[in-house]
Amino acid sequence: MSLIETLQDLVAQVPELLQPVIVAAAGAIPFIEGEGGVAIGIIGGINPVVAAIAAALGNFLCVAALVLLSSGARNAVVTRQRAKVAARAGASADGETILMTAPAEDGSRSATRKAKFQRAYERYGVPGVSLLGPLLLPTHFTATMLAASGIGKTRILIWQALAIVAWTTLTALIISGVINAVG
């Protein structure tokens with residue numbers, strides 16, 4: 001049984017009050033995200049509006065945590081690097097800009113994802129990567145890579161929130177329309 005089928009069965013088996021929690025948890029899983037979470041909820045019998053809110057919220061909370069963690073990690077690395085450079089030069093680290101360079105490409109899936117992200121980022125910027133990102137990579141990866149590259153947390157979170165709400169809403173409308181058309 002696949003993870004999605006398991007989650008759909010779980011939604012149908014738990015009390016109505018807990019169903020949105022399951023949908024939110026599904027929305028937090030990469031590759032399922034808000035779009036898959038809302039589908040799981042609607043197919044599991046939850047009101048489409050409740051399913052959309054729960055799935056989008058679960059997706060966004062996970063993405064926000066990842067942005068905050070990866071941004072903090074990047075800041076720690078950059079601060080440490082600045083301190084090393086300053087110690088070697090015998091000067092303060094104030095005002096120095098350290099650019100993080102990407103590791104050499106090794107042909108792995110990770111390197112392929114990074115290259116795909118980099119091309120999209122250069123072409124579309126933060127808004128485009130956030131809004132079009134779910135077509136290429138999960139929002140979890142996109143948001144983490146944006147934060148790790150030094151983009152401001154607030155900017156990332158605003159665009160990711162807009163993208164998550166838009167994609168989750170679109171998916172909810174499509175699935176609700178299909179179910180109403182068939183039913």
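Residues numbered from 1 in each chain as written. Predicted model: local features only at pLDDT ≥ 70, side-chain atom pairs only at ≥ 80, totals over all residues. Heavy atoms only, no water.

Chemist: Quick question: what am I supposed to make of the confidence of the model for the protein here?
Modeler: Close inspection of predicted coordinates is inappropriate in any region flagged by low pLDDT. Per-residue confidence for the protein gives a mean pLDDT of 84; residues scoring 70 or more make up 89%. Per-element confidence in the protein ranges from a low mean pLDDT of 81 for helix H5 (residues 109-136) to a high of 95 for helix H2 (residues 19-27). (pLDDT = per-residue confidence, 0-100. Helix = DSSP H or I, 4+ residues; strand = E, 2+ residues; numbered from the N terminus.)

Chemist: Even after reading the chapter, I still don't get the packing of H5 against helix H7 (residues 153-182), so can you show me in this structure?
Modeler: A pair of packed helices can be characterised by two numbers: the angle between their axes and the separation between those axes. Relative to each other, H5 and H7 sit at 35°, their axes nearing to 9 Å. For the element pair H5 and H7, the recorded crossing hand is right-handed. Residues Val 126, Pro 127, Ser 130, Leu 131, Pro 134 and Leu 135 of H5 pack against Arg 155, Trp 159, Gln 160, Leu 162, Ala 163 and Trp 167 of H7. Across the contact of H5 with H7, the residue classes tally to nine nonpolar, two polar and one charged. (Axes fitted to C-alpha atoms, helices over the stretch in contact; angles between N-to-C directions. Left-handed = near helix turned anticlockwise from the far one by under 90°. Contact = heavy atoms within 4.5 Å. Nonpolar A, V, L, I, M, F, W, Y, C, P; charged D, E, K, R; others polar.)

Chemist: What's the story with a nonpolar patch on the surface in this structure? I'm lost.
Modeler: Together, Tyr 124, Leu 131, Leu 132, Leu 135, Leu 136, Ile 158 and Leu 162 give the surface a local cluster of nonpolar side chains, amounting to about 640 Å² of exposed area. When residues of the nonpolar patch are assigned to their parent elements, the largest contribution, five residues, is made by H5. Looking at where Leu 132 falls in the secondary structure, it is placed in helix H5. (Patch = residues over 30% accessible without salt bridge, like charges linked within 9 Å, V, L, I, M, F, W, Y side chains within 5 Å. Areas by Shrake-Rupley, 256 points an atom, 1.4 Å probe, with all protein chains shown as cover. Salt bridge = Lys/Arg side-chain N within 4 Å of Asp/Glu carboxyl O.)

Chemist: Explanation requested: the environment of Lys 153 in the structure shown.
Modeler: Inspection of the secondary structure assignment puts Lys 153 in helix H7. For Lys 153, a relative accessible area of 38% translates into the label partly exposed. The sequence separation of Lys 153 and Ala 143 amounts to 10 residues, and the corresponding C-alpha distance is 9.3 Å. Contact partners of Lys 153, with chain neighbours within four places excluded, come to Val 67, Leu 68 and Ser 71. (Buried < 20%, exposed > 50% of the residue type's maximum accessible area, 1.4 Å probe, protein only.)

Chemist: Any chance you could explain the nonpolar core here in plain terms?
Modeler: Side chains of a nonpolar character, in soluble globular proteins, are inclined to be buried together. Counting residues in each nonpolar core, the largest one holds 18 residues, and the members touching the most others are Leu 7, Val 11, Val 23, Val 38, Ile 40 and Ile 42. Sorting the residues of this core by element identifies helix H1 (3-13), H2, helix H3 (33-43), helix H4 (48-89) and H7 as the ones contributing at least two each. If we skip the residues at most four places from it in the chain, Leu 7 touches Ile 22, Ala 26, Ile 29, Ile 32 and Ile 40. The next biggest cluster of nonpolar side chains, apart from the first, holds 17 residues, and it includes Ala 56, Phe 117, Ala 120 and Leu 157. (Core = buried A, V, L, I, M, F, W, Y, C linked by side-chain atoms within 4.5 Å.)

Chemist: What's the story with H3 in this structure? I'm lost.
Modeler: Working note: α-helix, 3.6 residues per turn, so residues spaced by three or four point in the same direction. The buried fraction of H3 amounts to 10 of the 11 residues, a majority that puts the element mostly inside the structure. Of all the positions in H3, only Glu 33, Gly 34, Glu 35, Gly 36, Gly 37, Val 38, Ala 39, Ile 40, Gly 41 and Ile 42 are classed as buried. Gly 45 sits one or two residues past H3 and shows a positive phi near 105°.

Chemist: It is not clear to me how the environment of Pro 127 should be interpreted in this structure. Could you clarify?
Modeler: Here Pro 127 is to be found in helix H5. Sequence spacing of Pro 127 and Arg 155 is 28 residues, and the spatial spacing of their C-alpha atoms is 9.0 Å. Those residues within four positions of Pro 127 in sequence are excluded, and the remaining contacts are Arg 155 and Trp 159.

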